[in-house]
Amino acid sequence: MTITEAAEMIRVKALEIKDKMAITEQEAYNVIFTDVEKHLGGTNDKSKYRGTKL
């Protein structure tokens, strides 16, 4: 998978989350990247999106 393909997949998922949660597109990206950070062992406990089901 290329970086362009991965970016497009993230964008599509962000738009789905945006519609599902009635939030802005930027907030949807925050949901995704908070989830990614959690799975990589990050400690972004301050995020209001921590634990959001994607």
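The rules behind these values
- Residues numbered from 1 in each chain as written.
- Predicted model: local features only at pLDDT ≥ 70, side-chain atom pairs only at ≥ 80, totals over all residues.
- Heavy atoms only, no water.
- Core = buried A, V, L, I, M, F, W, Y, C linked by side-chain atoms within 4.5 Å.
- Buried < 20%, exposed > 50% of the residue type's maximum accessible area, 1.4 Å probe, protein only.
- Helix = DSSP H or I, 4+ residues; strand = E, 2+ residues; numbered from the N terminus.
- Contact = heavy atoms within 4.5 Å.
- Expected span 1.5 Å × (residues − 1).
- Salt bridge = Lys/Arg side-chain N within 4 Å of Asp/Glu carboxyl O.

1. Quick word on the nonpolar core
And then number 1: In terms of nonpolar packing, the biggest core is built from seven residues, these being Ala14, Ile17, Ile23, Ala28, Tyr29, Val31 and Ile32.
And then number 2: Contributing elements (two or more residues each) for this core: helix H1 (3-21) and helix H2 (25-39).
And then number 3: When near neighbours in sequence (up to four residues on either side) are disregarded, Ile23 contacts Ile17, Lys18, Ala28 and Val31.

2. What about H2?
And then number 1: Here H2 contains 15 residues, and its C-alpha end-to-end distance of 21 Å stays within 8% of the 21 Å for a straight helix at 1.5 Å per residue.
And then number 2: Residues of H2 that are buried: Ala28, Tyr29, Val31, Ile32, Thr34 and Asp35.
And then number 3: Of the surrounding secondary structure, the elements contacted by the buried residues of H2 are H1.
And then number 4: Immediately downstream of H2, the backbone of Gly41 shows phi near 90°, a positive value.

3. Digging into the pattern of salt bridges
And then number 1: The final tally for this structure, using the stated rule, is two salt bridges.
And then number 2: We note a salt bridge from Arg11 to Glu8, for which the minimum N-O separation is 3.9 Å. With Arg11 and Glu8 both in helix H1 and three residues apart, the pair spans about one turn of that helix.
And then number 3: What makes Glu8 partly exposed here is its relative accessible area of 40%.
And then number 4: For Glu16, the salt bridge goes to Lys13, with nearest N and O atoms at 3.8 Å. Here Lys13 and Glu16 lie together in helix H1, a separation of three residues that amounts to about one turn.
And then number 5: The class for Lys13 is partly exposed, based on a relative accessible area of 30%.

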